[in-house]
Every structure is written in C-alpha cells, then in structure tokens.
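In case you want the letters, here they are:
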Amino acid sequence: MLAVTLFAMQMIRAETTNSAQSELERMAKDYGLTLLDRLQRRAANAGISLNSKRPSLKLENGVFSISDGDSKRQVTIPLSTLAHDQGEVAAVYRCISTQGQPCQGLRGDILHAHWVLRLVSQFDTDQEILVVTSLTREQALEGIGLITKLFPLVVALIACLVGYLIVVYLRASFKPLAKLKSAVKEIETGSFDRRLDIRTADEFESLGLAINAMSQQIGSEISFRRDTSDLDAAILANAPLQEVLQEICRYCIVHCGAIKAVAVIPDTEISWQYFGTDHVSELSASAARDKMGSAPLIPGFDDHHEIMRDEQSWGWLSVATDENTDQHRLQTLASRASVAVTNEYRVTKLYRQAHYDNLTGLYNRVAFAHELERIVSLSRRQSSLGALVFFDLDQFKTINDTEGHSVGDELLCKVAHRLKKYFRETDIVARFGGDEFAVALNDVGSRQDLLQLLKRLTETFLEPIRIGQFEHTVSCSIGVCLIPTDGDDGETLLKNADVAMYRAKANQGTSFVFFNTAQQQETERRM
C-alpha cells in the first residue's frame, strides 16, 4: 500500500510539473507579443508609419532607435522602459535578453520556458528579443501541496474502509460456513434429517442445497439398507411368509416411492394369495389357472416384478408407480421376496422330510414320538383319558411280493387316507414304518367310548380297498394303551402298545387288544 501511495504521489507531481511547463511557454509567448505591441505603439506615437514601408530598428546600449527613411523621423526607446514589468510577477519570473546579452535573474532549481520575438516582420532589422519565463519547482508544486499532504490520509482511510468491508464479508461468510461445518459433523455421526437453510444467493446457498440433497440421498439409502437388513434377518429367522411379504410391500411405498404394492403368489394350483398394502379382489379359479405363468392383470397396478422359487417363476410383486418410483430398489425387494418364498419352501420341505412320511404324508416315527409326549403331558395336566392305538397290517408282505411294490405303496396310501379320514383332526396319525401305523388320541372320554370307537374302526377295515381293477380286503392287528394309565412316557406306551398288538395278531383277523400288566409279565417271562 505504501509503494502504491508513493507511486501515485510521484505521478501527481509529474503531471503538475508538465502542466506548469506548458503554462510557462504560454506566458513567454504572451509577454513577447506584449513587448512587440508596445514597440509598435511607441513608433506610431512618434509619427512613424508601419504600413507603407518598414522602418529601420537598431539596438545599441539597451536603446531601440526607430527611424522612417521617408519622413526622416526618428524615435529612441530604452529597453528598460519597454520591458518595465519584467521580473517576478505572480510568482513567475520574466526576463528578456537581446543578442549577446544574457537573461539576468534565472535561479537554480527552476522550471523555465522561452520564446523568441523576431522583429523582422515589422521592422527592417535583424534584431531579436528572447523572452524567458521561469518558476521554481516548489512554487509549481505549491498548488498541490495540500493534496500531497492529504493523499496518504485519504489512502489510509480507503485502506481502512476496504479492511472493514473485508471483515464484514468474512463474518458474513463464516456464518454459512459454520452451518455447513455443523451439517457435515451431523452427517458424520449418522444424522441425516437436518436441512440447511442458507439464503445468501451465492455459492454458499448452492453448496447448502447440494449438501441437503446429498444428506437426503445418503439417509434414504442407509434407511433402505437397514430395513432390507432387518428383512434378511427375518427371512433367516423363518418369520411367517405373510409378514415378510407385507413388509416388502410396505417398503415398496416407503423406500421406492410406489403408490401401492401387492405380492401375489399361488395358494393352490387354481388360486392366488395376496399380501400387501391394498385390498385386491381374488381372481377366479379359471383366470388364476390361465395366468400362473404370467403377471396377473390387477386393475391399478402397472408394474410387475417376478418372484422366483428355486429358479422357477412363482409369483409377482405388483406395484402402482409414478415417474419418481425407484425401479432398482423395487427389483431389490422383488429379489428379497424370491428369497423369502424359496426359504419358506425349503424350510417346509425340510420340515416335511424330517417329520412326515414321504409315501403317505402322515407323521413319521420321530414326529409321532414328539407328539405322543405332548399328549401324555396334556392328559396328565387335564386329568383326561387318552389312548395310543398301534396298527399292523396282516399279510401285507404277501401282497407286496405277489402284486409288486407299486400296488403295496398304493395300498398303504389308501389305508393312511382311511385312517386320516376316520380320526379327528386333533388326533395324531402316523406311519410308524413298513406296514405299521399309530394313532395318539387325547381326551377320548371314557374307556367305553374308546371301545365303541375301536369297534367302528375294525368295521371300517372290513371294507375292501380297490386298487386298479382289483379289490383287496386288509385285516389288521391293533394294540391299545391308555394314557397315562399304561405308561408315564411315550417310549413306555409304545412298547406296551406293541406288546398288545402282538397279542391281537395271535387272534388272527382284524381285532384289537388292550394292554394289561399280565401281558407285560408274560412278555418279560418269554424274554
């Protein structure tokens, strides 16, 4: 700033000096013309005409001699009287000199200018007058002295004003910067709900809007990933499929911008199940059958994403969309629906393999043992009478060997169906292995009620079973144990029922035998 100030002052001095130099040149010319006019006036006053013929002019010892050759008139004019006003006039020093005479009075540190007054134009002479004007440099710069003194102060004031404006601008800038910093800190801590309100109509406002958009996008993505992670956890925990699909449909609206959503999967070969955020009327059986391989035509739903089960098309995630719906997230949720459906199918399949007989669809030995223990505990807790009925088909091996395993398998399936139809839904019917079946009954009433039930059961077995073109009459041996009278646990009951069943087999034909301790003692004696 100091260098700029000095430079500016130097430029002002130079400009002022140049102006003074030009003014001195003008003043020298004006004074020379004034001297010529005075000389002409003196000659005219003496009667010397300057119009017809130039009078002669001589300068000797500082005196002008002007003579007219025609009229013999002559006038003398001392140079000192002609230039009586030379010297210092208004701070400007003026002096004149003639040929061979120096200009007196010039000082040292001055500015000066000169002008040559040629007399030959008016007089018959070769004389010239040199007019010199001069001015000291201090006098030339006196006019700007005040400016020179005030200029540094003005520059200092301007510098202070500029500094103040910079401080004001920086303070105004620090406020939005502080808001931006605070917002970034909150984003670092995982808070994405804050929205910056910066209205400065400059880059800070644009940056604030960009941070708001970024925060909203990151928050939305993290929320979506958090919810899909919870969804994965629910799927791995074997949560009910209906709950998972309903959550997926809700996420379609919350995270994808869908208007409404519904998951459509087959309930049976001829009907659909609907899980979602909007009530949808069920398709008719024929329409469902026609559309099993394609997206269902549900009014109001314009976008359909396929749900797979073990790499086969199994259903659809149908949504109502607009221009802001996120298709990528919809596809992600449809993939989660596929995982949920496949997982439920595989879990169910594994459960059935572990708990059900593959041929007849009845409980297997493992599942039956578990259910039997449950019924024992229930009977003891309710002080009710239960029963374990153990079946063995007679001559089944002969049918299997003579007519083939396929006929034997079909016979077992028809027997299983007959048992399932005969007993209550709360009763546990199982294929125990080979040609053996077992039924666990809870709360049969009384022993007499159980006896009547068994008599009707034996009558049911007397009805022939048609397989192909042939009818087969199957007899069975039935052993019966009372719960909890004949055993405190399932294993004891099964052993006792087996003893009673073999006792019934000795009777030949379809019959049933209740277990008693004498049978157990006889069995132990034989062993």
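What counts, and at which threshold
- Residues numbered from 1 in each chain as written.
- Predicted model: local features only at pLDDT ≥ 70, side-chain atom pairs only at ≥ 80, totals over all residues.
- Heavy atoms only, no water.
- Pairing = 2+ DSSP bridges.
- Helix = DSSP H or I, 4+ residues; strand = E, 2+ residues; numbered from the N terminus.
- Axes fitted to C-alpha atoms, helices over the stretch in contact; angles between N-to-C directions.
- Phe/Tyr/Trp six-rings, centres within 6.5 Å; stacked < 30°, edge-to-face > 60°.
- Buried < 20%, exposed > 50% of the residue type's maximum accessible area, 1.4 Å probe, protein only.
- Lys NZ or Arg CZ within 6 Å of the ring centre and 35° of its normal.
- Polar contact = N/O pair within 3.5 Å; in protein donor to acceptor, adjacent residues only side chain to side chain.
- Contact = heavy atoms within 4.5 Å.
- Salt bridge = Lys/Arg side-chain N within 4 Å of Asp/Glu carboxyl O.

A.B. asks: Help me understand the sheet that holds strand β1 (residues 56–60) in this model?
C.D. replies: Two pairing modes exist for strands in a sheet, parallel and antiparallel, and in both the strands are linked by backbone hydrogen bonds. Across the sheet, three strands lie side by side as β1-β2-β3; this open sheet has antiparallel pairing. Two strands close off the open sheet at either side, each with one partner strand: β1 and β3 (73–78). Direction aside, neighbouring strands of the sheet carry axes that sit 20° apart on average. Bridge analysis of β1 against strand β2 (residues 63–68) gives five bridges, and the strand direction is antiparallel. Each bridged residue has a counterpart across the sheet, and for Leu59 the counterpart in β2 is Phe64.

A.B. asks: How should the packing of aromatic side chains be read in this particular structure?
C.D. replies: With the rule as written, the count across this model stands at seven aromatic pairs. Ring geometry for Tyr422 against Phe423: centres 5.2 Å apart, planes inclined by 90°, an arrangement best described as edge-to-face. Tyr422 gets classed as partly exposed once you look at its relative accessible area, which sits at 23%. Take Phe423: its relative accessible area is 6%, and that puts it in the buried class. Cluster of aromatic residues (ring-pair linked, three or more members): Tyr351, Tyr356 and Tyr363. Its end group placed over the ring of Trp314, Arg309 keeps NZ or CZ at 3.6 Å from the ring centre.

A.B. asks: When you look at the side chain of Ser477 in this model, what are you seeing that I'm missing?
C.D. replies: Among the structural elements, Ser477 can be located in strand β17 (residues 476–483). Residue classification places Ser477 among the buried residues on the basis of a relative accessible area of 1%. A distance of 3.2 Å separates polar atoms of two side chains, one belonging to Ser477 and the other to Asp394. Contacts of Ser477, omitting those with residues within four sequence positions, involve Phe390, Phe391, Asp392, Asp394, Met501, Ala504, Lys505, Gly509 and Ser511.

A.B. asks: Teacher, can you tell me more about the side chain of His472 here?
C.D. replies: Within the element layout of this structure, His472 appears in strand β16 (residues 470–472). A relative accessible area of 9% means that His472 is categorised as buried. In terms of polar contacts, His472 uses its side chain to reach the side chain of Glu403, at 3.3 Å. Beyond its immediate stretch of four places on either side in the chain, His472 contacts Ile399, Glu403, Val407, Pro464, Ile465 and Ile467.

A.B. asks: For this particular structure, what's the right way to read the sheet that holds strand β14 (residues 436–441)?
C.D. replies: The five strands lie next to each other as β13-β14-β12-β17-β18, forming an open sheet whose pairing is mixed. Each having just a single partner strand, β13 (428–433) and β18 (511–514) make up the two edges of the open sheet. Between one strand axis and the next, the sheet turns through 20° on average, direction left out of account. Both β17 and β18 contribute to a ladder of four bridges, which runs parallel. Within β18, the residue paired with Ser477 across the bridge is Ser511. Strands in contact with helix α11 (residues 405–422) are β12 (386–393), β13 and β14; relative to β14, the strand with the most contacts, it is inclined by about 10°.

A.B. asks: Explanation requested: the pattern of salt bridges in the structure shown.
C.D. replies: Two side chains carrying opposite charge are able to pair once their charged atoms lie near each other. Scanning the model with the defined rule gives 15 salt bridges in all. We note a salt bridge from Glu221 to Arg329, for which the minimum N-O separation is 2.9 Å. Of the two residues, Glu221 is situated in helix α5 (residues 203–236) and Arg329 in helix α8 (residues 327–355); the sequence distance between them amounts to 108 residues. Glu221 sits in the partly exposed class, given a relative accessible area of 28%.

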